[in-house]
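The chain contents come next:
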Amino acid sequence: MKRILILGAGTAGTMMANKLRKALDKEEWEITIVDQFKTHYYQPGFLFIPFGIYNREDVVKPKADFFPAGVRVIYSEIGRIEAEANKVHLAGGKVLHYDYLIIATGTKTFPEETPGLYGKLWYKEIFDFYTVEGAIALQKFFKGWEGGKLVMAITELPYKCPVAPIEFVFLADAFFTEKGIRDKVDITYVTPMPGAFTKPTASKMLSELLLEKNIKVVPDFYIERVDNEKKTIVSYDDVEIPFDALAVVPVNMGDKMIERSGLGDDMNFVPTNKETLQSIQHENIFILGDASNIPTSKAGSVAHFASEILFENLMNAIEGRPVLAKFDGHANCYIETGFGKGALIDFNYETEPLPGTFPLPGIGPFGLLKNTKINHYGKVMFRWIYWHILLKGKELPVESQMTMAGKKTIN
Amino acid sequence: MAEKVIAGKSIEVTDEGYLVNMEDWSREIAAELASEAGIELTGKHLEVLEYLREKQSAGETLTIRKVGKSGIVDIKGLYKLFPGGPLKISSKLAGIPKPTSCV
Ligand SMILES: Cc1cc2nc3c(=O)[nH]c(=O)nc-3n(C[C@H](O)[C@H](O)[C@H](O)COP(=O)(O)OP(=O)(O)OC[C@H]3O[C@@H](n4cnc5c(N)ncnc54)[C@H](O)[C@@H]3O)c2cc1C
């Protein structure tokens, strides 16, 4: 028996298990997937929890519902990968051997990386919405909040779903407007980047929305620490921003297991060939999803598009052909803008988000870089697509390679 | 895109003055871009710029944290060298693209 081992049964790992089990002979290939948890979280849904649109039960399902028959599932923490020996050590001491390894252990938030963040105000007046616990704590807080300074701050790059904090401030604007206290809530978006939108066309078309909604943007702000006494965030050049409620994207890093395995960069992301999706160090290791260091968004849609390329290349490798399939960095993300509307962006390594229609040129139904009702429905539908199509590794009616058809370049 | 004469050479730059081709870069160009930004280039500055160029060529994503861990300067020091927006400004002087996110 030859062996494929998948580490991590989140979005990416689950998808790959489904694709590979369908394609490979059960007599010849054993497929094993390992994860520490039994619950699958629909992470894009976390965004809606603080505003009471979703609750916990809307974003969880048992992981077991999504594994195909014939895949060996092990629930255990992964200790480390011993790549030289094609072995993986589980936390309990068990050893798994592989011919091919797929790393899909994602990224995690590390609030303790920022001094003062994980302190006495954590989940009292400081929240993340990148974990279900944080999102629920924030929902409770918002229910009783009478207003004040709401600061949405990004601590470090890269972080998964780069549009999520922008969506958060848009949804907060709508939420407090509908609650009738928008005039008492001051919303500020703080980013280490030069702006909320940094790509020329997207910033031309979407920056207006922030102005319109009276959301302040503080760019180039790199947080050094949080002062729990004064309730301020402090930058490395000693600028302070006061808050009454702080929503943060904590530092995102790969799992510590990557570090223990000696396979990560300084943020514990795995150096990956951005086209073939193979590990730079080891030919028989592939990386899918947020765990890699490829220069595109860390998003479920990216993992989906990349999974098709990874699948092709793994089959190439298995059957002795060169790994010729190339990933282009394709990402496709809905951006909730509040009040039942949304925008959509579609881009890759080379092409910035451009206006137009998607997926059908000239028809849509979705409008790229446009703020429309139908785009919002796209985001709502995404949850159904995620559970029923994406995780199951089925085809979506969208090409994995980005296309210029339906896009307009503007100057 | 535009052409700009920097240190006596005509060079292609973006609307915001970032070099289009990182191969066009030289220390003289860095010095001139620095003085436009009100910075007097020292050896430390150059070490940071060379480091950024090296990482950029290797296809790595650049962050302030990474520079802070490089052993050249810590993050506070980086802010002192390039006040205001260290990564944005140092990237410009290093002749590499402006740091951006996906949108
Ligand atoms: C608030 C928010 C909003 C988002 N919105 C969108 C969106 O609108 N569209 C979109 O496309 N994407 C969105 N995303 C991003 C998307 O959820 C992720 O990119 C995607 O889930 C990544 O999949 P993954 O498999 O790489 O990682 P994950 O799904 O995080 O899975 C990693 C798995 O590895 C396991 N694991 C890690 N380390 C170990 C270990 N040592 N031992 C055992 N198991 C381990 C974990 O338990 C986990 O199950 C959003 C994310 C967030 C947080």
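Note that the structure is predicted; figures quoted are calculated from it, not measured. (Residues numbered from 1 in each chain as written. Chains lettered and ligands numbered in written order. Predicted model: local features only at pLDDT ≥ 70, side-chain atom pairs only at ≥ 80, totals over all residues. Heavy atoms only, no water.)

Asks: Can you lay out the side chain of R65 of chain B for me, pointing to particular residues and giving the numbers?
Replies: With respect to the element layout, R65 of chain B can be found in helix α3 (residues 64-68). There is a polar contact of 2.9 Å between the side chain of R65 of chain B and the side chain of E156 of chain A. (Helix = DSSP H or I, 4+ residues; strand = E, 2+ residues; numbered from the N terminus. Polar contact = N/O pair within 3.5 Å; in protein donor to acceptor, adjacent residues only side chain to side chain.)

Asks: With reference to specific residues and values, describe the interface of chain A and chain B.
Replies: Of the residues lining the interface, 29 residues belong to chain A; the matching set on chain B comes to 18 residues. Broken down residue by residue, the surface that chain A buries against chain B is led by Y222, Y236 and D266 of chain A, which jointly contribute 26%. At the junction of chain A and chain B, the tally comes to six salt bridges. The partner of K76 of chain B in a salt bridge is E224 of chain A, with the nearest N and O atoms 3.0 Å apart. Here the side of chain A that touches chain B is built from residues that sort into 18 nonpolar, three polar and eight charged. (Contact = heavy atoms within 4.5 Å. Buried area = accessible area lost by both parts, 1.4 Å probe. Salt bridge = Lys/Arg side-chain N within 4 Å of Asp/Glu carboxyl O. Nonpolar A, V, L, I, M, F, W, Y, C, P; charged D, E, K, R; others polar.)

Asks: Give a detailed account of the pairing of strand β15 (residues 223-227) of chain A, specifying residues and quantitative values.
Replies: All names here are of chain A. Across the five residues that make up β15, a large majority, four, are buried. Here β15 runs beside strand β16 (residues 232-235); their pairing, made up of four bridges, is antiparallel. The residue of β16 that forms the bridge with D227 is T232. (Buried < 20%, exposed > 50% of the residue type's maximum accessible area, 1.4 Å probe, protein only. Pairing = 2+ DSSP bridges.)

Asks: So what's going on with the pattern of salt bridges? Residues and values would help.
Replies: Residues and elements named next belong to chain A. Taken as a whole and assessed by the stated rule, the structure comprises 26 salt bridges over all chains. Across the salt bridge formed by K2 and E28, the nearest N and O atoms sit 3.9 Å from each other. Pair noted here: K2 is in strand β1 (residues 2-7) and E28 is in the loop between α1 (11-23) and β2 (29-35), with a separation of 26 residues, a long-range link. In this structure, the salt-bridge partner of K379 is E167, at a minimum N-O distance of 2.8 Å. Of this pair, K379 sits in helix α7 (residues 373-390) while E167 sits in helix α3 (residues 164-178), placing them 212 residues apart in sequence. An identical accessibility class is assigned to K379 and E167; each is buried.

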